Structure formats: C-alpha cells, structure tokens
Amino acid sequence: MNRFVALAILALGLCVAPIAQSALPPGYGGVLRVPGTAGLRLPDPTDVRTPLEATVVAGVYDTLYTLRGNRVVPSLAAALPEMEGDIARVRLRQGIRRHDRRPLTARDVVRAFRPLLRSTSEPWLSGLARRGGGLDMRAEDETTIAFRLEDPEFDLARRLAATPLSIRLGQGHGTGPYRARLRDGALHLYQFRPAARGAPRLRAIHIEPARSRDDELRAFDLGELDVSWRGASLYGQPGREVVRHALPASTPVLLVPQARQRGRLGPLARTIDRRRLARVGLDPGDHIGDLPAPVARGSQTGALRLMVVAGDPLQEELAAALAARFDEVGWRTTILRKDSTRYDVLVRTDQWDLRIVQLPPPLPDDRSLLAAAWIAVGSPDRARELLGGAGPDRVAQAARELPAIVLGQRQRTMHHLPTLRGVEHDPWGRVLLHRAFLPRSDEP
C-alpha cells in the first residue's frame, strides 16, 4: 500500500512541477541602460520638463494618493481623508521607509510641503487654507497630518495625487522604488527594496546623456544601450527582434513668447505649418485636450530669438524646423542655445523672444494641463483660479486666452529587446519603472 501511495505522490509531483515552474516570480536584478532625451538633472517633482523626467520622478517619489482610472486610491496614505468640518486628516501607512531607511513620519510630510509655497508649484496648494503666511497643516502625531481646507467639499485626495505634491525629502530622496544619484554626467537609479510600492525588479537603471539620433541608434544596434527612443535600428531593418512600445501622446508642446513679445503670437500662429512638426516627433494640433484652442492675437513682426536648452534633441530639432518656416516668410530667426543653468537664469529676463515648453501631465485631466500651461507662461494667478474650482466657462475662457501657441503633443515609442519584460505605462504616459524586469537565470 505504501508503494502505491509513493507512486501516486511522485506522479502528482510530476504533474504539478511544470505548473510551479511557470508560476515562478520574475527575476530580480540586472541593469538597464537608457538614453536620456534632454540634459540630465536630479528629479524634482515641482519642475518636470520632459516625459522621461516625469517617469523618473514617478520612480523616485510617491504621492499620498494616486489615481487608478478615475478613482483615487491611497498610496503613502492608509485610507482616504477623514473629514471633521473643514479639517481633513490623512493617516500614513505603517512601516513606510525613506530612502535613508528611517521611518516616514507626518512631520516629514509637513516639511516636504512647506517649500512649495516658495516655488512655481504654489498654485497646486489652492484649496488648502493658509495661516500666518504658511499652510494651515500640522502633524498631530507620528502618522497623522491635519489639513484645514478653504472649502470642506474640496477633493483633497485627488489634489494630493498631483505630481508637484510628491513627497520629496531631499534631492533624489523620497520613498519610491528607486534612489537617484547624478554622477559623471549620468543619472543612476538604484533599487530601494523597502519601497512603499514593493521592491523594484531591476537592480539599477542608468540613464545616459542624450545623443544624436545616429549615435543613439548605433549604440542600440551594438548593444551599448538597452532602449532607444529614436527607432529600432540605424540600418532601417534591425538584425534582431525589437519590441516597440508606443506611449500615449499626453504631453503638450507649447511655443511660449516672452511677456513683451505676446503681440507677435497672431502672425506666428498663422505662419506655423504643423504638418512639418510630425517629422520631429509631434502629433500636430492646436488644442490642450478637449479645451478650446488659444486665440493668437497681434500683428507685430520682426527678428526673433528662439531660446532652447542645448543638448535637448527635441528642442533643437523643433527649433530648426520652426526657424526654417519663419525664415521662409521673411522673419529673421536666431536660435539661442543655452545650457540648462544659463537657460533657467535667462527665462526671467527679456533677452529672448520665444521658447519651447513641454507639459508632462501633473494630473491626467485638461484643467490640470491648462493650469500647468499658465504656470509655464508666468501667470500663477490664472493657474490658482483654475485649480481653485473655476467653472467650465472660466476654464474655456482661460484656454482661449492662453498666451502661447500649442504645437501638438509629443509622440514617443520605446524600442527595446524582448529580454526586457513587464514594460507598462500609466494613463499619464509614464513608464512604470518598478514593474520592468529581466528574465530569471533559469528562464529562457
């Protein structure tokens, strides 16, 4: 009898073994080498300039809440806010670790919000009450933050899901799946196993400085890069299988004039041939989402100074395409190429006429994108009005009055080898870095 039992157990084991093997979790480890798409900086959720930066910010920092479709769900928070009159209490999940492995506390969250009042992201705090020049929020205990709201009906949880309100505890220092370090001109993301969202699967992601199209494709062909944003191969048809992962065109690209040059918007808008912009990676269009297109007015003409960030391939190529068109109709266009530090300084001066701005979505809705656009053109008051609950008519009016030209939305495709698996993106167009993985050593 024991002999028959043993045989039965052996047969059962043979039947189950293939199932167990196929159910093994994906492997952890490995390094992914990714080309940059612009100058590399430590991620800052209050100043996100490209879709790749938005992806990195989402991999390094967490928000108190996040969006799953149209539904708001807790992230660092343990549950939705508890309301008591105009006081909203947000309780943190237990056991969350910062990148320095210390526990995340309510005081950390309060300290993370204070600098926002002095940044361009201040309009995102609309709806939160102020006290003594600061936010009326406090840490009631180690895990509870109390916010006073201007309106008890304000949807605090949804606002706290916005990218600019990510919990940033220092430069490249948060609670997300990866820790960020900038070294030798490259941005390095290192696995953080105690992450609130769980350990990421890749040990590290190295983002290298942006290259020219041919250099990037050549490096991808030679195996020096694991990802390419420019195509599958330098030679047209790759000699190996390449996976193409199309990302949603969710990032509007604007042509923004310096405040004194807004009288040129009318003739500029009439000059631009948006069909040409598809060649440099745009889905041409003149709207932000479903909102009315900005109405470009003015009649001034003359020489133009178009300022771009040196080393940003999209800005460089887009500037060249725009300048060629402007020159065709008699404008004298000079392209000013400035490194990122000098560029930031000059934005606040009158030594330029036009610049190119990308708007990675802070929240995936048209009102939020429009608010980000008004912040980008230097009008935070209009952004506060939009984020403070302006009605649909005021939103439509703000869209028509935006002093910028919408060129289109950025198109992106991520090319990679089949060995990189689990590549997904969210509705905002951000690649979910913590889900990507390489095969286990015992997998084919």
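Description of the structure in this document.

**As for the overall build of the protein chain**
Reasoning step 1: Helices and strands together make up the secondary structure of the protein chain, namely 12 helices and 21 strands.
Reasoning step 2: Relative to its length of 444 residues, the protein chain is compact, with a C-alpha radius of gyration of 24 Å against a globular reference of 22 Å.
Reasoning step 3: Oriented by its inertia axes, the alpha-carbon framework of the protein chain measures out at about 100 × 65 × 40 Å.
Reasoning step 4: Across the 444 residues of the protein chain, 50% fall into the buried class.
Reasoning step 5: Residue pairs at least 24 apart in sequence account for 68% of intrachain contacts in the protein chain once pairs closer than 6 positions are excluded.
Reasoning step 6: Approximately 20600 Å² of the protein chain is accessible, and the part contributed by carbon and sulfur atoms is 50%.
Reasoning step 7: Of the charged side chains in the protein chain, 65 are positive and 50 negative; the average position of the first set lies 2 Å away from that of the second.

**Things to note about the packing of helix 10 (residues 366-376) against helix 11 (residues 380-387)**
Reasoning step 1: Look at helix 10 against helix 11: their axes get within 7 Å of each other, and the N-to-C directions meet at 165°. Taken together, the axes of helix 10 and helix 11 are roughly antiparallel relative to one another. The handedness of the crossing between helix 10 and helix 11 comes out as left-handed. Of the residues in helix 11, those in contact with R367, L370, A371, W374 and I375 of helix 10 are P380, R382, A383, L386 and L387.

**Considerations on the sheet that holds strand 10 (residues 178-183)**
Paired through their backbone hydrogen bonds, the strands of a sheet run either parallel or antiparallel.
Reasoning step 1: Ordered in space as 1-12-11-10, the 4 strands form an open sheet in which the pairing is mixed. Both outer strands of the open sheet, strand 1 (31-35) and strand 10, are each paired with one neighbouring strand and no more. Across the sheet, the mean angle separating the axes of adjacent strands is 20° when strand polarity is ignored.
Reasoning step 2: When strand 11 (residues 186-191) meets strand 12 (residues 204-208), the two strands line up antiparallel, connected through 4 bridges. If you follow L187 over to strand 12, its bridge partner there is I207.

**Examining the packing of aromatic side chains**
Reasoning step 1: In total, this model carries 2 aromatic pairs according to the counting rule given.
Reasoning step 2: Between F113 and F147, the ring centres sit 6.0 Å apart and the planes meet at 70°, which makes this aromatic pair edge-to-face. Pair noted here: F113 is in helix 3 (residues 106-113) and F147 is in strand 9 (residues 144-148), with a separation of 34 residues, a long-range link.
Reasoning step 3: By relative accessible area, which is 2% here, F147 ends up buried.
Reasoning step 4: Centre to centre, the rings of F326 and W331 are 6.3 Å apart; their planes meet at 45°, and the pair counts as tilted. The pair F326 / W331 is uniform in exposure class, with both members buried.
Reasoning step 5: Looking at R382, its charged tip hangs above the ring of W374, at a distance of 4.6 Å from the centre.

**Some points on unusual backbone geometry**
Reasoning step 1: Positive phi is not limited to glycine here, since R101 has a value of about 70°.
Reasoning step 2: Checked against the element boundaries, R101 lands in the loop between strand 5 (87-91) and helix 3.
Reasoning step 3: With a phi close to 55°, D184 is a non-glycine residue in the positive phi region.
Reasoning step 4: Mapped onto the fold, D184 is located in the loop between strand 10 and strand 11.

**Remarks on the environment of L135**
Reasoning step 1: Mapped onto the secondary structure, L135 falls in strand 7 (residues 134-135).
Reasoning step 2: On the basis of relative accessible area, L135 is assigned to the buried category, the value being 13%.
Reasoning step 3: Separated by 102 residues in sequence, L135 and Q237 have C-alpha atoms that sit 57 Å apart.
Reasoning step 4: Those residues in contact with L135, other than ones at most four positions away along the chain, are F113, L117, L125, L128, A129 and R130.

Definitions and limits used
Residues numbered from 1 in each chain as written. Predicted model: local features only at pLDDT ≥ 70, side-chain atom pairs only at ≥ 80, totals over all residues. Heavy atoms only, no water. Helix = DSSP H or I, 4+ residues; strand = E, 2+ residues; numbered from the N terminus. Rg over C-alpha atoms; globule rule 2.2 N^0.38 Å. Buried < 20%, exposed > 50% of the residue type's maximum accessible area, 1.4 Å probe, protein only. Contact = heavy atoms within 4.5 Å. Areas by Shrake-Rupley, 256 points an atom, 1.4 Å probe, with all protein chains shown as cover. Lys, Arg positive; Asp, Glu negative; His and termini not counted. Charge placed at Lys NZ, Arg CZ, Asp CG, Glu CD. Axes fitted to C-alpha atoms, helices over the stretch in contact; angles between N-to-C directions. Parallel < 35°, antiparallel > 145°, perpendicular 65-115°, else oblique. Left-handed = near helix turned anticlockwise from the far one by under 90°. Pairing = 2+ DSSP bridges. Phe/Tyr/Trp six-rings, centres within 6.5 Å; stacked < 30°, edge-to-face > 60°. Lys NZ or Arg CZ within 6 Å of the ring centre and 35° of its normal.

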